[in-house]
Amino acid sequence: MTTFRLTSTLSTLLMLIAAAPAQAQDGDLARGEQYWEVCAACHGQNGEGNETYNAPRLEGQHGWYLKRQLEDFIDGVRGAHEDGPSGQQMASMAATLLTEQAVLDLVAFIGTLSEEN
Ligand code: HEC
């Protein structure tokens, strides 16, 4: 009886663990890591940010927020003002992402940076 309960608790736990990343991310970590190489030039290898480039810290930030910012850059909602060179710089970066899937892949990968630190 005890063994049965333990086994079923364990399998419930495993199911939750297996389901969690898919729900939270839906992105491909390996592809995200590849894309990240370019981003790291300004935002730092671990997403720690770099004031010299006006590039903010991304590590530890909510995935839903990063996703919206990237979409806003791509859509020209953010980074389109002629007096905002930092935003423009990032907007031209985001334009290279093009696909929604690439944004998801990147956001998923950036989410792992906080775990590494
Ligand atoms: C040429 C330097 C540069 C590169 C390369 C770059 N960024 Fe940025 N990024 C910036 C700057 C500068 C800002 C701040 C924009 C502003 O002030 O509005 C920024 C802002 C952001 C933001 C918004 C952060 C916030 O807190 O609102 C996100 C998300 C982001 N970058 C993700 C990325 C990703 C993902 C990549 C790789 C595809 C990338 N960046 C590549 C310079 C860069």
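If you're wondering where the values come from, they're calculated on a predicted model, not measured in any experiment.

Let's talk about the nonpolar core
For step 1, the next point in the chain: With 17 residues, the main nonpolar core has Phe-73, Ala-94, Leu-106 and Ile-110 as its most contacted residues.
For step 2, the next point in the chain: The greatest single-element share of this core, amounting to 8 residues, is contributed by helix H5 (residues 100-116).
For step 3, the next point in the chain: For Ala-94, the contacting residues outside a window of four places in its chain are Leu-70, Phe-73 and Ile-74.

Some details on the site of the ligand
For step 1, the next point in the chain: With respect to spatial proximity, 22 residues lie near the ligand, and among them Cys-39, Cys-42, Ser-86, Gly-87 and Met-90 are the closest.
For step 2, the next point in the chain: Listed by contribution, the elements that provide at least two residues to the shell around the ligand are helix H2 (29-43), helix H3 (63-75) and helix H4 (85-94).
For step 3, the next point in the chain: When residues of the shell around the ligand are assigned to their parent elements, the largest contribution, 6 residues, is made by H2.
For step 4, the next point in the chain: Its residues placed into classes, the shell around the ligand shows 15 nonpolar, 7 polar and no charged.

Comments concerning the packing of H3 against H4
For step 1, the next point in the chain: Running from amino to carboxyl end, H3 crosses H4 at an angle of 90°, the nearest separation of the two axes being 8 Å. Relative to H4, H3 is oriented roughly perpendicular. Contact with H3, carried on its side by Leu-70, Phe-73 and Ile-74, involves Met-90, Ala-91 and Ala-94 of H4 and no other residues of that element.
For step 2, the next point in the chain: Considered class by class, the residues forming the contact of H3 with H4 number 6 nonpolar, no polar and no charged.

Details of the environment of Glu-33
For step 1, the next point in the chain: Summarising the element assignment, Glu-33 is placed in helix H2.
For step 2, the next point in the chain: The class of Glu-33 is partly exposed, set by 16 C-beta atoms lying within 10 Å.
For step 3, the next point in the chain: When the C-alpha atoms of Glu-33 and Thr-112 are compared, they prove to be 9.8 Å apart, with 79 residues separating the residues in sequence.

Observations concerning H4
A turn of α-helix holds 3.6 residues, and therefore any two residues three or four places apart point the same way.
For step 1, the next point in the chain: Every buried residue belonging to H4 is among Met-90, Ala-91 and Ala-94, and all of these are buried. Looking straight down H4, one finds that the buried residues subtend no more than 105° of arc, so they occupy a single side. Turned more than 90 degrees away from the buried face of H4 sit Pro-85 and Ser-92, all of them exposed.

Quick look at unusual backbone geometry
Among all residues except glycine, the phi angle is most often negative; among peptide bonds, the trans geometry is most common.
For step 1, the next point in the chain: The phi angle at Asn-54 is positive, at roughly 60°, despite the residue not being glycine.
For step 2, the next point in the chain: Inspection of the secondary structure puts Asn-54 in the loop between H2 and H3.
For step 3, the next point in the chain: The partly exposed category is assigned to Asn-54, around which 13 C-beta atoms lie within 10 Å.
For step 4, the next point in the chain: A positive phi is found at Leu-98, a non-glycine position, where the angle reads about 60°.
For step 5, the next point in the chain: Along the polypeptide, Leu-98 turns up in the loop between H4 and H5.
For step 6, the next point in the chain: A tally of 10 C-beta atoms within 10 Å means that Leu-98 is categorised as exposed.

Reading the values: the criteria
Residues numbered from 1 in each chain as written. Predicted model: local features only at pLDDT ≥ 70, side-chain atom pairs only at ≥ 80, totals over all residues. Core = buried A, V, L, I, M, F, W, Y, C linked by C-beta atoms within 7 Å. Buried ≥ 20, exposed ≤ 12 C-beta atoms within 10 Å, placed from the backbone. Helix = DSSP H or I, 4+ residues; strand = E, 2+ residues; numbered from the N terminus. Contact = placed C-beta atoms within 7 Å. Near = placed C-beta within 6 Å. Nonpolar A, V, L, I, M, F, W, Y, C, P; charged D, E, K, R; others polar. Axes fitted to C-alpha atoms, helices over the stretch in contact; angles between N-to-C directions. Parallel < 35°, antiparallel > 145°, perpendicular 65-115°, else oblique. Arc of directions from axis to C-beta.

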